[in-house]
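Residue strings, one per chain:
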Protein chains: 2
Amino acid sequence: MSNESAATAPTRFVDADGVRLAYRRIGAADGVPLLFLQHFTGTMDSWDPSVVDGFAQARPVVLFDNAGVSRSGGTTPDTVDAMADHAVAFVAALGLTRVDLLGFSLGGFVAQVMAARRPDLVRRIILPGTGPEGGEGIDDLGTVVAQARLASPAEPRLYLFFEQTESSQRAGRAFIGRQARRTTDRDPDSTEQTVAAQLTAFVRWGTAPSAQGAARLGSIAQPVLVVNGKHDIVVPTINSYTLFQQLPAARLLLYPDSGHGALFQYAGEFVREGLQFLDY
Amino acid sequence: MSNESAATAPTRFVDADGVRLAYRRIGAADGVPLLFLQHFTGTMDSWDPSVVDGFAQARPVVLFDNAGVSRSGGTTPDTVDAMADHAVAFVAALGLTRVDLLGFSLGGFVAQVMAARRPDLVRRIILPGTGPEGGEGIDDLGTVVAQARLASPAEPRLYLFFEQTESSQRAGRAFIGRQARRTTDRDPDSTEQTVAAQLTAFVRWGTAPSAQGAARLGSIAQPVLVVNGKHDIVVPTINSYTLFQQLPAARLLLYPDSGHGALFQYAGEFVREGLQFLDY
């Protein structure tokens with residue numbers, strides 16, 4: 001296992017409460033595994049290999065496709081709560097009793113629900129590019145994605161994840177390039193069913209009462225590292241400040257000249273700071 | 001020089017544009033010196049020896065008392081601009097042509113002016129517990145200090161710098177304890193003239209037009225690390241977020257369970273993260 005990388009780890013399958021989920025394990029055999037929770041439309045191949053392999057140098061990393069996504073069976077649900085149900089079932093199916101979470105964007109919504117519901121299971125949480133229920137501008141996702149398809153039709157993520165500066169766009173192209181390292185056993189793209197259901201779940205999260213979000217965050221006693229770029233247009237950066245303020249034990253790290261994908265733009269620093277946080 | 005510490009470095013004096021200023025040099029002989037700019041009422045002995053010695057392990061550190069403060073000659077001015085004049089003259093008097101700045105609170109105001117005015121001189125800046133001109137609640141200093149003297153008469157900094165939790169207060173007492181390491185050649189406390197003039201300068205900074213602050217910050221191209229605690233009652237934490245957003249090249253680091261003195265409460269982490277930032 002420890003010789004595998006994001007580019008080479010074989011895709012495996014596990015039955016989680018009757019749903020067959022695709023996953024990959026990478027990195028160290030010992031230690032609390034770090035479970036990656038993916039963004040809107042993403043598959044296991046949408047992660048940055050530098051981030052996956054960076055964390056995997058020091059601890060076990062687990063990637064998976066949640067229910068309905070890519071090669072996983074079942075149907076993608078249209079609520080974050082139901083996505084968290086599937087993720088908890090997946091962790092149990094792997095026989096894991098303690099995990100850390102790295103929840104990016106939509107994955108960060110799922111991480112919040114898991115952490116609040118299962119303090120016995122979730123030890124520490126890293127939350128890049130995400131926000132609380134009822135957070136500012138989260139319900140604009142449909143508009144922002146439509147803008148991205150116009151502005152950057154070949155690769156909307158260059159618009160969605162990176163700042164409109166030469167340096168950030170260059171980092172974005174490097175990120176896209178790193179994803180090509182894996183040449184076989186790649187995940188097929190998400191289906192229209194997945195995209196529609198995730199969009200609904202995302203917007204529902206953004207339109208939930210913010211008092212509900214604050215109450216949930218107030219119940220998450222675990223240490224949290226909140227991370228974002230300066231100008232996140234998918235989950236506006238002010239939401240990261242709100243997460244930090246409403247979580248009882250969070251630290252906040254915001255990067256310059258970057259957006260939603262700051263964790264990829266600053267992959268080296270993010271991994272170093274993330275590992276330091278997990279080790280505190 | 002490299003064998004000296006915050007507890008042992010002798011106090012020296014230099015003539016800076018006709019004003020005799022007290023200072024101490026600690027740490028490595030080579031590298032860009034890190035100049036510490038002190039908070040309201042503070043002297044060279046108000047720094048945390050763990051922070052001073054932590055930075056001094058990797059680079060030259062310079063402490064000083066600005067004009068009128070403690071053993072320094074001259075009169076404490078009642079504007080941040082004039083304080084920056086004295087600080088620039090001090091740097092020149094030491095023969096330094098390139099410095100990094102660590103400006104805490106009032107010292108962070110001074111650092112902003114120096115960085116904007118002298119991009120040739122100031123390389124990188126660390127700004128803990130500070131805010132922009134016209135920032136939120138900065139003009140409340142008089143009220144907050146009066147509250148602190150009632151709430152914590154023996155040591156107002158336990159109220160001003162630390163959160164009202166057992167863990168943060170314990171960190172506060174440890175910080176105060178570390179300052180006792182230096183037993184000789186200590187700075188006398190600031191005079192009433194200094195306290196009154198600094199209070200005026202502080203409140204003036206807080207009541208300046210915020211557009212003026214934004215314009216100044218927009219002109220600071222140097223990399224900046226903005227740092228604060230979760231609940232700063234001296235320079236409310238939202239000001240750190242504003243600094244981050246208005247500075248062209250800033251990163252933001254906010255700590256949990258802490259206030260204005262987060263840099264002392266998390267001395268070890270702050271030094272590590274500060275040195276990483278200075279070395280990028």
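Residues numbered from 1 in each chain as written. Chains lettered and ligands numbered in written order. Predicted model: local features only at pLDDT ≥ 70, side-chain atom pairs only at ≥ 80, totals over all residues. Heavy atoms only, no water.

Describing the overall build of chain A
From N to C terminus, chain A includes 11 helices and 8 strands. Against the globule reference of 19 Å for 280 residues, chain A gives a C-alpha radius of gyration of 17 Å, in line with a compact fold. With the principal axes as the frame, chain A shows a C-alpha extent of 40 × 40 × 40 Å. Taking the intrachain contacts of chain A between residues at least 6 apart in sequence as the baseline, contacts between residues at least 24 apart amount to 74%. A total of about 9,900 Å² of accessible surface is found on chain A, and carbon and sulfur atoms cover 52% of it. Computed over 24 positive and 29 negative side-chain charges, the separation of the two mean positions in chain A equals 4 Å. (Helix = DSSP H or I, 4+ residues; strand = E, 2+ residues; numbered from the N terminus. Rg over C-alpha atoms; globule rule 2.2 N^0.38 Å. Contact = heavy atoms within 4.5 Å. Areas by Shrake-Rupley, 256 points an atom, 1.4 Å probe, with all protein chains shown as cover. Lys, Arg positive; Asp, Glu negative; His and termini not counted. Charge placed at Lys NZ, Arg CZ, Asp CG, Glu CD.)

Some words on the pairing of strand 4 (residues 60-64) of chain A
Successive residues of a regular strand alternate their side chains across the two faces of the sheet. Residues and elements named next belong to chain A. Of all 5 residues in strand 4, 5 are buried; the element is thus mostly enclosed. Neither face of strand 4 is exposed, since Pro-60, Val-62 and Phe-64 on one face and Val-61 and Leu-63 on the opposite face are all buried. Where strand 2 (residues 19-27) and strand 4 come together, 5 bridges link them in antiparallel fashion. By the bridge assignment for strand 4, Arg-24 is matched with Leu-63. In the sheet, strand 3 (residues 34-37) pairs with strand 4 via 2 bridges, with the strands oriented parallel. Looking across to strand 4, one finds that Leu-34 is bridged to Val-61. Taken together, strand 3, helix 1 (residues 49-56) and strand 4 constitute a β-α-β crossover, and its handedness is right-handed. (Buried < 20%, exposed > 50% of the residue type's maximum accessible area, 1.4 Å probe, protein only. Pairing = 2+ DSSP bridges. Right-handed = clockwise from strand over helix to strand, strands pointing away.)

Quick look at the interface of chain A and chain B
Contacts between the two partners involve 22 residues from chain A, matched on the other side by 22 residues from chain B. Buried area between chain A and chain B, both sides added, is near 2,000 Å², and the carbon and sulfur share of it is 50%. At the junction of chain A and chain B, the tally comes to 2 salt bridges. Here Arg-251 of chain A and Glu-269 of chain B are joined by a salt bridge, their closest N and O atoms 2.3 Å apart. Joining chain A to chain B, the criterion identifies 12 residue pairs in polar contact (both at pLDDT 80 or more). When residues of the side of chain A that touches chain B are traced back to their parent elements, those giving at least two are helix 9 (238-246), strand 8 (250-255) and helix 11 (267-279) of chain A. Ranked by residue count, the leading element in the side of chain A that touches chain B is strand 8 of chain A, at 6 residues. Residue composition of the side of chain A that touches chain B, grouped by class: 14 nonpolar, 3 polar and 5 charged. Where strand 8 of chain A and strand 8 (residues 250-255) of chain B come together, 3 bridges link them in antiparallel fashion. The residue bridging Leu-253 of chain A from the neighbouring strand is Leu-253 of chain B, located in strand 8 of chain B. (Buried area = accessible area lost by both parts, 1.4 Å probe. Salt bridge = Lys/Arg side-chain N within 4 Å of Asp/Glu carboxyl O. Polar contact = N/O pair within 3.5 Å; in protein donor to acceptor, adjacent residues only side chain to side chain. Nonpolar A, V, L, I, M, F, W, Y, C, P; charged D, E, K, R; others polar.)

Points about helix 11 (residues 267-279) of chain B
Residue and element names in this part refer to chain B. Compared with the 18 Å implied by 1.5 Å per residue over 13 residues, the 18 Å span of helix 11 between its first and last C-alpha is a close match. Counting buried positions along helix 11 yields 10 of 13 residues, so the element is predominantly enclosed. Buried within helix 11 are the following residues: Ala-267, Glu-269, Phe-270, Val-271, Glu-273, Gly-274, Leu-275, Gln-276, Phe-277 and Leu-278. (Expected span 1.5 Å × (residues − 1).)

Concerning the pattern of salt bridges
According to the stated counting rule, one finds 38 salt bridges over all chains in the structure shown. Residues Asp-187 of chain B and Arg-71 of chain B are paired through a salt bridge, measuring 3.0 Å at the closest nitrogen-oxygen approach. Here Asp-187 of chain B is found in the loop between helix 6 (166-179) and helix 7 (192-207), whereas its partner Arg-71 of chain B is found in the loop between strand 4 (60-64) and helix 2 (80-93), with 116 residues between them in sequence. Asp-187 of chain B gets classed as buried once you look at its relative accessible area, which sits at 8%. Given a relative accessible area of 27%, Arg-71 of chain B falls into the partly exposed group. Each of Arg-24, Asp-45, Arg-71, Arg-182, Asp-185 and Asp-187 of chain A takes part in salt bridges that share partners, so that together they form one network.

As for the packing of aromatic side chains
Residues and elements named next belong to chain A. As enumerated under the stated definition, the model contains 37 aromatic pairs over all chains in all. Aromatic pair Phe-161 and Phe-175: ring centres 6.4 Å apart, planes at 40°, arrangement tilted. A residue pair is termed long-range when its members are at least 10 positions apart, and Phe-161 in the loop between helix 5 (156-160) and helix 6 (166-178) and Phe-175 in helix 6 qualify at 14 residues. Like Phe-175, Phe-161 is buried. Among the aromatic residues, ring-to-ring pairing joins Phe-36, Trp-47, Phe-55, Phe-104, Phe-161, Phe-162, Phe-175, Phe-264 and Phe-270 into one connected group. The ring centre of Phe-13 lies 3.9 Å from the NZ or CZ of Arg-20, which sits over that ring. (Phe/Tyr/Trp six-rings, centres within 6.5 Å; stacked < 30°, edge-to-face > 60°. Lys NZ or Arg CZ within 6 Å of the ring centre and 35° of its normal.)

Structural notes on the relation of the copies chain A and chain B
A rotation about some axis, followed by a shift along it, carries one copy of the chain onto the other. Superposition of chain A onto chain B requires a rotation of 180° combined with a translation of 0.0 Å along the rotation axis, giving an RMSD of 0.0 Å. Given the turn and translation reported, the copies of this chain are related as if by a two-fold rotation axis. Ranked by how close their C-alpha atoms come to the rotation axis, the residues of chain A are headed by Leu-253 of chain A, at 2.4 Å. Interface overlap between copies: 100% of the residues of chain A at the interface are likewise at the interface in chain B, consistent with a symmetric, same-surface contact. (Least-squares fit on C-alpha atoms with pLDDT ≥ 70 in both.)

Quick notes on unusual backbone geometry
Residues and elements named next belong to chain A. Unlike most non-glycine residues, Asp-257 shows phi in positive territory, near 50°. Note that Asp-257 resides in the loop between strand 8 and helix 10 (262-265). In this structure Asp-257 comes out as partly exposed when scored by relative accessible area, which is 22%.

Concerning the side chain of Asp-100 of chain A
Position of Asp-100 of chain A relative to the elements: it lies in strand 5 (residues 99-103). Contacts of Asp-100 of chain A, omitting those with residues within four sequence positions, involve Val-32, Pro-33, Leu-34, Leu-35, Arg-59, Arg-123, Arg-124 and Leu-278 of chain A.

Points about helix 2 of chain B
In this model, helix 2 of chain B (14 residues) spans 20 Å end to end at C-alpha, consistent with the 20 Å of a helix rising 1.5 Å per residue. Just downstream of helix 2 of chain B, Gly-95 of chain B is the residue with a positive phi angle, here 80°.

A closer look at the confidence of the model for chain A
With 99% of its residues at a pLDDT of at least 70, chain A reaches an overall mean of 97. What the predictor reports for the complex is a pTM of 0.97 with an ipTM of 0.96. (pLDDT = per-residue confidence, 0-100.)

Remarks on the nonpolar core
Counting 182 residues, the largest nonpolar core has Phe-55 and Met-114 of chain A together with Phe-55 and Met-114 of chain B as the members making the most contacts within it. For Met-114 of chain A, the residues in contact, after removing those within four places along its chain, are Leu-35, Leu-37, Ala-84, Ala-87, Val-88, Val-91, Leu-101 and Val-122 of chain A. (Core = buried A, V, L, I, M, F, W, Y, C linked by side-chain atoms within 4.5 Å.)

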